[in-house]
Amino acid sequence: MGETIAKNKKAYFDYFLEEKFEAGLVLKGSEIKAIRAGRVNLKDSFIRFVNGEAFLFNAHIGRLETTHHFYAHEERGSRKLLLRKKQIVKMIKAVEKDGYTVVPLQLYFNDRNIVKIQIAIAKGKQLHDKRNDLKEKDMKRDIERSMKDY
């Protein structure tokens, strides 16, 4: 993985991540320019399967002021994901199971400077799981602080 553009931190907090995949995105030129400028937010985005194809919904890619309105893109529009058929079938089977979903994790440029998105099959966490994660995070922080002072 290359340079990370946007990360979905909420996904790491709300889900247990089972298996990760790398997918390409079908984008317009104005979207690429906005992504290079860092105008991306994956916080509320999700992935749905429509007619055997994967789509990214609700990912915010802002418009640049320099883009002409004729070529401007829809900020929260759907974007098709480019995956292999076996991967799509695997994800659809997982989603049909109880409690599994597919979430976007991060958007980045690969080594060939192409925009890719990392997605994962995930299972939702319950409230007590989130509390345990926060406790572990606090304990780690306290240990690191005490080691630094020592």
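All figures in this text were calculated on a predicted structure; none of them were measured in a lab. (Residues numbered from 1 in each chain as written. Predicted model: local features only at pLDDT ≥ 70, side-chain atom pairs only at ≥ 80, totals over all residues. Heavy atoms only, no water.)

Observations regarding the overall build of the protein chain
Now for step 1: Counting its secondary structure elements, the protein chain contains four helices and nine strands.
Now for step 2: When the helices and strands of the protein chain are read in sequence order from the N terminus, they spell out β-α-β-α-β-β-β-β-β-α-β-β-α.
Now for step 3: Viewed in the frame of its principal axes, the protein chain has a C-alpha envelope of about 60 × 40 × 30 Å.
Now for step 4: Classification of the 150 residues of the protein chain by burial places 33% in the buried group.
Now for step 5: Considering only contacts in the protein chain between residues 6 or more positions apart, those separated by 24 or more positions represent 67%.
Now for step 6: Split by element, the accessible area of the protein chain, about 10,200 Å² in all, is 49% carbon and sulfur.
Now for step 7: Charged side chains in the protein chain number 32 positive and 21 negative. The centres of these two groups are separated by 3 Å. (Helix = DSSP H or I, 4+ residues; strand = E, 2+ residues; numbered from the N terminus. Buried < 20%, exposed > 50% of the residue type's maximum accessible area, 1.4 Å probe, protein only. Contact = heavy atoms within 4.5 Å. Areas by Shrake-Rupley, 256 points an atom, 1.4 Å probe, with all protein chains shown as cover. Lys, Arg positive; Asp, Glu negative; His and termini not counted. Charge placed at Lys NZ, Arg CZ, Asp CG, Glu CD.)

Thoughts on the pattern of salt bridges
Now for step 1: Taken as a whole and assessed by the stated rule, the structure comprises eight salt bridges.
Now for step 2: Of the charged contacts in the structure, one is a salt bridge between Lys10 and Asp14, with a shortest N-O distance of 3.7 Å. Of this pair, Lys10 and Asp14 both sit in helix H1 (residues 9–14), four residues apart, which is roughly one turn of that helix.
Now for step 3: Note on Asp14: relative accessible area 16%, which makes it buried. (Salt bridge = Lys/Arg side-chain N within 4 Å of Asp/Glu carboxyl O.)

Examining the side chain of Lys125
Now for step 1: By the secondary structure assignment, Lys125 is in the loop between strand S9 (115–124) and helix H4 (127–149).
Now for step 2: Beyond its immediate chain neighbours, meaning those up to four positions away, Lys125 contacts Tyr12, Phe13, Asp14, Tyr15, Phe16, Lys130 and Asp133.

Regarding the environment of Arg84
Now for step 1: One can find Arg84 in the loop between strand S7 (79–82) and helix H3 (85–96).
Now for step 2: Its relative accessible area of 64% is what places Arg84 among the exposed residues.
Now for step 3: In this structure, the C-alpha to C-alpha distance between Arg84 and Glu53, residues 31 residues apart in sequence, is 9.9 Å.

Considering empty space enclosed by the protein
A probe matching the size of a water molecule, rolled over the atoms, marks out where space remains unfilled.
Now for step 1: Applying the stated criterion across every chain yields a total of one cavity of 30 Å³ or more.
Now for step 2: Taken together, Leu25, Leu27, Val40, Leu42, Leu56, Ala59, Ile61, Arg79 and Leu107 make up the full set of residues lining the largest cavity. (1 Å grid on protein atoms, 1.4 Å probe; cavity = no way out; pocket = protein on both sides within 12 Å on 5 of 7 lines; lining within 4 Å. Points joined across faces, edges and corners; volume = space filled by probe spheres on them.)

Quick notes on the side chain of Gln118
Now for step 1: By the element assignment, Gln118 lies in strand S9.
Now for step 2: Exposure remark for Gln118: the relative accessible area of 12% places this residue in the buried category.
Now for step 3: When neighbours within four sequence positions are excluded, Gln118 is seen to be in contact with Met1, Tyr12, Lys20, Phe21, Val103, Pro104, Leu105, Gln106 and Tyr108.

Quick look at the sheet that holds strand S2 (residues 15–25)
Now for step 1: In space, the seven strands of this open sheet follow the order S1-S8-S9-S2-S7-S5-S4, with antiparallel pairing throughout. This sheet does not close on itself; its edge strands, each paired only once, are strand S1 (4–7) and strand S4 (46–50). With strand direction ignored, the average angle separating the axes of adjacent strands in the sheet is 40°.
Now for step 2: In terms of strand pairing, S2 meets S7 through two bridges, oriented antiparallel. Bridged to Gly24 within S7 is Leu82. (Pairing = 2+ DSSP bridges. Axes fitted to C-alpha atoms, helices over the stretch in contact; angles between N-to-C directions.)

Observations concerning the layout of surface pockets
Now for step 1: Taken as a whole, the largest pocket holds about 180 Å³ of empty space.
Now for step 2: Along its surface, the largest pocket is lined by Phe13, Asp133, Leu134, Glu136, Lys137 and Lys140.
Now for step 3: Broken down by element, the lining of the largest pocket gets its largest block of residues, five residues, from H4.
Now for step 4: When its residues are assigned to classes, the lining of the largest pocket shows two nonpolar, no polar and four charged. (Nonpolar A, V, L, I, M, F, W, Y, C, P; charged D, E, K, R; others polar.)

Here's the deal with the nonpolar core
Now for step 1: Core analysis: the largest hydrophobic core is formed by 26 residues, its most contacted members being Leu81, Leu83, Leu107, Ile117 and Ile119.
Now for step 2: For this core, the elements supplying multiple residues, two or more each, are S2, helix H2 (29–36), strand S5 (53–57), H3, strand S8 (100–109) and S9.
Now for step 3: If sequence neighbours within four positions are ignored, Ile119 has contacts with Glu19, Lys20, Phe21, Ile47, Leu81, Leu83, Met91, Val102, Val103, Pro104 and Leu105.
Now for step 4: Ala11, Val103, Leu105 and Ala120 belong to the second largest nonpolar core, which has five residues in total. (Core = buried A, V, L, I, M, F, W, Y, C linked by side-chain atoms within 4.5 Å.)

Distances and angles like these do not, on their own, reveal function.
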